[in-house]
Amino acid sequence: METLDKKPITIEATINASPEKVWDLLTKPEHIVKWNNASDDWHTPSAENDLRAGGRFLSRMEPRDGSSGFDFSGIYTEVKPPEKIGYTLDDGRRVQILLVSMGNGTKVQETFEAEQVYPVEMQQKGWQSILDNFRKYVETSKI
C-alpha cells in the first residue's frame, strides 16, 4: 500500500463484539454520527454512506463550538462485508480497514496513508482516538 511520499500508518483495536455488529455500527450513518470524533470537543453532525465499490461517503467533522470543520470524504474501492473496506480519500490517500474475527471479539485494523501537513505521530494519535471511541461505542451499544 505504500507510495513514494505517503507513509502508511496502521492502528488497531480489539472489540468485544461480532464482526457483523462491528460492521453495522462502523458503516451506518446513524451510528457514525455517534462515535466519529477523536475528542469530546469535536463531533460529526452529519454522515452519508453509499457502501459499495464506486460509492461515496462523507462525514462532516466539526468542533462543537462551530468555529470550523471539514468534510472527510472519498470513494470506496472495495467492500467485502463483514471483512474488508478499501477507499480512496478525496485527496488521493488510500485507506484499508480489516475486520478479523477473534473468537468472542473482532480485531479492527486500519491502515491509512499519512498526509503531508501534520506530523505522522499526530495523525496516528487522532485516528487511534477515533477508533478507540468507536470501540467504546460498540461495546456499550444495546444493538
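The following refers to the structure shown. Please read these numbers as outputs of a predicted model, since none were measured by experiment. (Residues numbered from 1 in each chain as written. Predicted model: local features only at pLDDT ≥ 70, side-chain atom pairs only at ≥ 80, totals over all residues. Heavy atoms only, no water.)

Structural notes on the overall build of the chain
Turning to step 1, where the next piece is worked out: A count of helices and strands for the chain gives 3 helices and 7 strands.
Turning to step 2, where the next piece is worked out: In sequence order, the chain lays out its α and β elements as β-α-α-β-β-β-β-β-β-α.
Turning to step 3, where the next piece is worked out: Here the C-alpha atoms of the chain give a radius of gyration of 14 Å, agreeing with the 15 Å that 2.2 N^0.38 yields for 143 residues.
Turning to step 4, where the next piece is worked out: Its C-alpha atoms put the chain at 40 × 35 × 30 Å along the principal axes.
Turning to step 5, where the next piece is worked out: Within the chain, the proportion of its 143 residues that are buried is 38%.
Turning to step 6, where the next piece is worked out: Pairs at least 24 apart in sequence give 48% of the contacts found in the chain among residues at least 6 apart.
Turning to step 7, where the next piece is worked out: Total accessible area on the chain stands at roughly 7900 Å², and carbon and sulfur atoms take up 50% of it.
Turning to step 8, where the next piece is worked out: When the 18 positive and 23 negative side-chain charges of the chain are each reduced to one mean point, those points stand 4 Å apart. (Helix = DSSP H or I, 4+ residues; strand = E, 2+ residues; numbered from the N terminus. Rg over C-alpha atoms; globule rule 2.2 N^0.38 Å. Buried < 20%, exposed > 50% of the residue type's maximum accessible area, 1.4 Å probe, protein only. Contact = heavy atoms within 4.5 Å. Areas by Shrake-Rupley, 256 points an atom, 1.4 Å probe, with all protein chains shown as cover. Lys, Arg positive; Asp, Glu negative; His and termini not counted. Charge placed at Lys NZ, Arg CZ, Asp CG, Glu CD.)

Considerations on a nonpolar patch on the surface
Turning to step 1, where the next piece is worked out: On the surface, Val 117, Tyr 118 and Met 122 cluster together into a nonpolar patch covering about 350 Å² of accessible area.
Turning to step 2, where the next piece is worked out: By secondary structure assignment, the location of Tyr 118 is in the loop between β7 (105-113) and α3 (120-140).
Turning to step 3, where the next piece is worked out: When its relative accessible area of 47% is taken as the criterion, Tyr 118 is described as partly exposed. (Patch = residues over 30% accessible without salt bridge, like charges linked within 9 Å, V, L, I, M, F, W, Y side chains within 5 Å. Salt bridge = Lys/Arg side-chain N within 4 Å of Asp/Glu carboxyl O.)

Examining the pairing of strand β3 (residues 56-63)
One face of the sheet, then the other: side chains in a regular strand alternate in exactly this way.
Turning to step 1, where the next piece is worked out: Side chains of β3 alternate between two faces, with Phe 57, Ser 59, Met 61 and Pro 63 buried and Arg 56, Leu 58, Arg 60 and Glu 62 left unburied.
Turning to step 2, where the next piece is worked out: With 6 bridges connecting them, strand β2 (residues 42-49) and β3 associate as antiparallel partners. Across the sheet, residue Asn 49 finds its bridge partner in β3, namely Phe 57.
Turning to step 3, where the next piece is worked out: Strand direction decides the pairing type here: β3 and strand β4 (residues 70-80), joined by 6 bridges, are antiparallel. Opposite Arg 56, over in β4, you have Ile 75 as the bridge partner.
Turning to step 4, where the next piece is worked out: Joining the antiparallel neighbours β3 and β4 is a turn of 6 residues, in which Gly 66 adopts a positive phi near 75 degrees. (Pairing = 2+ DSSP bridges.)

Section: the pattern of salt bridges
Turning to step 1, where the next piece is worked out: Applying the stated rule across the entire model yields 9 salt bridges.
Turning to step 2, where the next piece is worked out: The shortest N-O distance in the salt bridge between Arg 56 and Asp 90 comes to 3.0 Å. Of this pair, Arg 56 sits in strand β3 while Asp 90 is found in the loop between β5 (84-89) and β6 (94-102), placing the two residues 34 residues apart along the sequence.
Turning to step 3, where the next piece is worked out: Looking at Arg 56, the relative accessible area reads 40%, which means it is partly exposed.
Turning to step 4, where the next piece is worked out: Through salt bridges with shared partners, a single ionic network connects Arg 60, Glu 62 and Asp 71.

Details of the packing of helix α1 (residues 19-27) against α3
Turning to step 1, where the next piece is worked out: α3 packs onto α1 with a crossing angle of 120 degrees between their chain directions and a minimal axis gap of 10 Å. Regarding the angle of α1 to α3, the classification is oblique. Crossing angle aside, the handedness with which α1 passes α3 is right-handed. For the pair formed by α1 and α3, the contact residues are Lys 21, Val 22, Leu 25 and Leu 26 on the first element and Phe 134, Tyr 137 and Val 138 on the second.
Turning to step 2, where the next piece is worked out: Considered class by class, the residues forming the contact of α1 with α3 number 6 nonpolar, no polar and 1 charged. (Axes fitted to C-alpha atoms, helices over the stretch in contact; angles between N-to-C directions. Parallel < 35°, antiparallel > 145°, perpendicular 65-115°, else oblique. Left-handed = near helix turned anticlockwise from the far one by under 90°. Nonpolar A, V, L, I, M, F, W, Y, C, P; charged D, E, K, R; others polar.)

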